[in-house]
Amino acid sequence: MALNSTLYTGLTGMTVNQQKLNVIGNNIANVNTVAFKSSRALFKPQFYVTDGAGSPPSGTFGGTNPSQRGMGAMVSSIEKNFTSGTPESTGVASDLAIEGDGFFVVDSGSTKYTRDGSFHVNKDNDLVSSRGEYVMGYGVDKDFNVLPGNLQKINIPVDALTIAEATTSVNFKGNLNAGGELSTGASVLESPPLLDDAGATPAGTTPLVNLRNASDLVTPLFADGTTLTLDAKRGGGSLPTSTFTIDASTTVDQLSEFLAQGSQINTSAEVLASAPTGFTPGVSLASSTPSTDPAGSLRLTIVGNAGKVNALSLAGGFQSSDGTAPIAFTDSQASDATGEGLNTQITVYDSLGVPVNLNVSMALEANTNNGGTTWRYYATSPNDTNSGAFTPGASPADDGSIIGTGTVQFDEHGNFVRTVGDTVTIERSNTGASTPLPVKLDMSALHALHDTEQRVTPEAQDGFLTGTLKSYSIGQNGDIEGAFSNGLTRTLGRVAMAQFDNPEGLIDEGSNNFTVSGASGDAILATAGEGSAGTIRAGSLEQSNVDLSKEFIDMIVTTTGFSAASRVITTSNRMLDELLQTAR
């Protein structure tokens, strides 16, 4: 009976060593498998037969120990070794290696977890594994902020995604000439003396078709259905063309609004309050001074904003649809468009990345006994959607190309003090872009010095034209950063990470995929770099953690154990043969 049991004991030794050899063979076969985790087989005794239970000592007897015979070995467990393999650089942006204890999350109808980061982007721009599972992560909102919480497929639309950035601020730098002449006057343009068709004094409510030159009460200056075109010049530069089609009910007041808007005359309350004495910006009917005009006649008078930079000219620029000038405006004796100033231009961008021109004129408005100066800026934009076509009844301060005004103050040393009214607003209605477009004018880098070369330039603006996603990179925290052709860099999403309380309890599904079990516990989603999840190294792949030298040693020890166990069987068999020979 004992020899029979010895045979089975030897068999268990062969069985466990054979199973261990299977584990070693699997490890060696996967020595070059990306992110492969090696295993080890652990043995334990199978069971024992107790021949004697032993006895305790007494006063006359020292006692005996238990007497037990082992009945062989068995495999107690086959365990995974989840230590990290060495990352190897590949240079492929979508290849990812984990340096830590985390797992990538993949999905192909069911959720699995893997350390294998050999990913690529498919034809739909989704990040997928080499086996086609979707790599899961987090998306971003419209402002490209990561939205953690709900796992979703990661999409990287290279050459497909386009974005732009609306300008929010413009920074100016340079010097202003604080020793220049104050802007104490403005352009004053006058029409010839005007009467109505009855020879009476015209009013703002007089229809244009009833307006006459005082020297010719028969010929109408304007006809029903005529389209008026205004190509004014301001500060020596051409302004956007404005048009206005009149009818029988169009009044002198509406023509005044059209002329003010097309000439970019700012008539806001703050401009009117700071206007030089005797110069009220706007267009109105007034008497010439001194007046030698026919009795009852008035002149349509255009008064521009203060300073040389706002000097107006309508010469040859005010015409009707038949190509004639209905009214010829000339400089009044009171015209005095002088004073220090300058113009500067910059291109900003709306939310669609469309370039928008922004013009800023600056005029020296005041100085103080302590030497400080105040400059007024006038901002206009030909790309304001209210520019060009005239809308009767709209205030010239809020319509057309005029988008804002404000003042910039400097101390007696020429240093910037403050800006009053530092934001202008550009309308972008019916363009598809967000409207209005507010732009802050940051003039804190300007100086106002005496006898200096006057130059103000826009140093920077924070908007961008439309750009296409050209490349991407994945950071250590899993954030996918996209680089666009316009220079913008934006977060496109985040690769999710999972960690487990007991990763050795995961079930190996093959193909480098694992699923949860009761032993592993549920997956704990995390961001790379937090806790024990580890960090991500992009452009690299984790190598197998198989130690080939150790596997060879284990293979030698295991085959030796197998051979020794087989010898137990052959020896027991020989002893049985001897016993049978004796029995004969």
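The rules behind each value
Residues numbered from 1 in each chain as written. Predicted model: local features only at pLDDT ≥ 70, side-chain atom pairs only at ≥ 80, totals over all residues. Heavy atoms only, no water. Pairing = 2+ DSSP bridges. Helix = DSSP H or I, 4+ residues; strand = E, 2+ residues; numbered from the N terminus. 1 Å grid on protein atoms, 1.4 Å probe; cavity = no way out; pocket = protein on both sides within 12 Å on 5 of 7 lines; lining within 4 Å. Points joined across faces, edges and corners; volume = space filled by probe spheres on them. Axes fitted to C-alpha atoms, helices over the stretch in contact; angles between N-to-C directions. Contact = heavy atoms within 4.5 Å. Phe/Tyr/Trp six-rings, centres within 6.5 Å; stacked < 30°, edge-to-face > 60°. Lys NZ or Arg CZ within 6 Å of the ring centre and 35° of its normal. Buried < 20%, exposed > 50% of the residue type's maximum accessible area, 1.4 Å probe, protein only. Polar contact = N/O pair within 3.5 Å; in protein donor to acceptor, adjacent residues only side chain to side chain. Salt bridge = Lys/Arg side-chain N within 4 Å of Asp/Glu carboxyl O.

## As for the sheet that holds strand β25 (residues 312-313)
Strand pairing in a sheet is mediated by backbone hydrogen bonds. Such pairs are either parallel or antiparallel.
Now for step 1: Pairing is antiparallel in the open sheet, where three strands are placed in the order β21-β20-β25. The open sheet terminates on both sides in strands that have one partner only, identified here as β21 (237-238) and β25.
Now for step 2: In this sheet, β21 lies alongside strand β20 (residues 233-234) in antiparallel orientation, the contact comprising two bridges. Among the inter-strand pairings, Arg234 is bridged to a residue of β21, identified as Gly237.

## Some remarks on unusual backbone geometry
Now for step 1: Put simply, Thr435 and Pro436 share a cis peptide bond, and its omega is -5°.
Now for step 2: Considering the arrangement of structural elements, one finds Pro436 in the loop between β33 (423-426) and β34 (437-449).
Now for step 3: The phi dihedral of Asn512 is positive, around 65°, even though this residue is not glycine.
Now for step 4: Position of Asn512 relative to the elements: it lies in the loop between β40 (507-510) and β41 (513-515).

## Brief notes about empty space enclosed by the protein
Now for step 1: All chains considered together, the criterion is met by two cavities of 30 Å³ or more.
Now for step 2: What the second largest cavity holds in volume is close to 30 Å³.
Now for step 3: Forming the boundary of the second largest cavity are Arg234, Gln264, Asn266, Asn305, Tyr378, Ala379, Thr380, Ile402 and Gly404.
Now for step 4: Per element, the largest residue contribution to the lining of the second largest cavity is three residues, and it comes from strand β30 (residues 373-380).

## Things to note about the sheet that holds strand β17 (residues 211-213)
Now for step 1: Across the sheet, three strands lie side by side as β16-β17-β18; this open sheet has antiparallel pairing. Each having just a single partner strand, β16 (194-196) and β18 (216-220) make up the two edges of the open sheet. The mean angle between the axes of side-by-side strands here comes to 50°, regardless of whether they run parallel or antiparallel.
Now for step 2: Inspection of the sheet shows β16 paired to β17 by three bridges, in the antiparallel sense. Bridge pairing in β17 places Leu194 opposite Asn213.

## Description of the side chain of Asn27
Now for step 1: Examined against the element boundaries, Asn27 turns out to sit in helix α1 (residues 2-29).
Now for step 2: Beyond its immediate stretch of four places on either side in the chain, Asn27 contacts Phe36, Ser38, Ser39, Val546 and Glu551.

## Structural notes on the packing of aromatic side chains
Now for step 1: Tallied over the full model, the rule gives nine aromatic pairs.
Now for step 2: On the numbers, 5.1 Å between centres and 75° between planes, the contact of Phe104 with Phe119 is edge-to-face. Of the two residues, Phe104 is situated in strand β7 (residues 103-107) and Phe119 in strand β9 (residues 119-121); the sequence distance between them amounts to 15 residues.
Now for step 3: The rings of Phe82, Phe103, Tyr113, Phe500 and Phe514 are connected pair by pair, giving a single aromatic cluster.
Now for step 4: The ring of Phe43 carries Lys20 above its face, with NZ or CZ at 5.7 Å from the centroid.
Now for step 5: One residue, Lys153, lies across the ring of Tyr134, its end atom 4.5 Å from the ring centre.

## Describing helix α2 (residues 252-262)
Now for step 1: The element α2 is largely enclosed, with a buried count of eight among its eleven residues.
Now for step 2: Listing the buried residues of α2 in full gives Val252, Leu255, Ser256, Phe258, Leu259, Ala260, Gln261 and Gly262.
Now for step 3: Those residues of α2 that are buried are in contact with β17, β19 (227-230), β22 (242-245), β23 (282-286), β24 (299-306) and β26 (318-319).
Now for step 4: In the segment just after α2, Gln264 is the residue with positive phi, at about 55°.

## Here's the deal with the environment of Ser191
Now for step 1: Following the sequence through the fold, Ser191 ends up in the loop between β15 (186-190) and β16.
Now for step 2: Overall, the relative accessible area of 1% leaves Ser191 in the buried class.
Now for step 3: It is 52 Å that separates the C-alpha atoms of Ser191 and Gly487, two residues lying 296 residues apart in sequence.
Now for step 4: Of note is the side chain of Ser191, whose polar atom sits 2.8 Å from the backbone nitrogen of Leu300.

## Focus on the pattern of salt bridges
Now for step 1: Counted by the stated rule, this structure contains 20 salt bridges.
Now for step 2: For Lys470, the salt bridge goes to Asp159, with nearest N and O atoms at 3.1 Å. With a gap of 311 residues between them, Lys470 in strand β36 (residues 464-474) and Asp159 in the loop between β12 (152-153) and β13 (162-165) connect regions that are remote in the sequence.
Now for step 3: Salt bridges sharing common partners tie together Lys37, Arg115 and Glu542.

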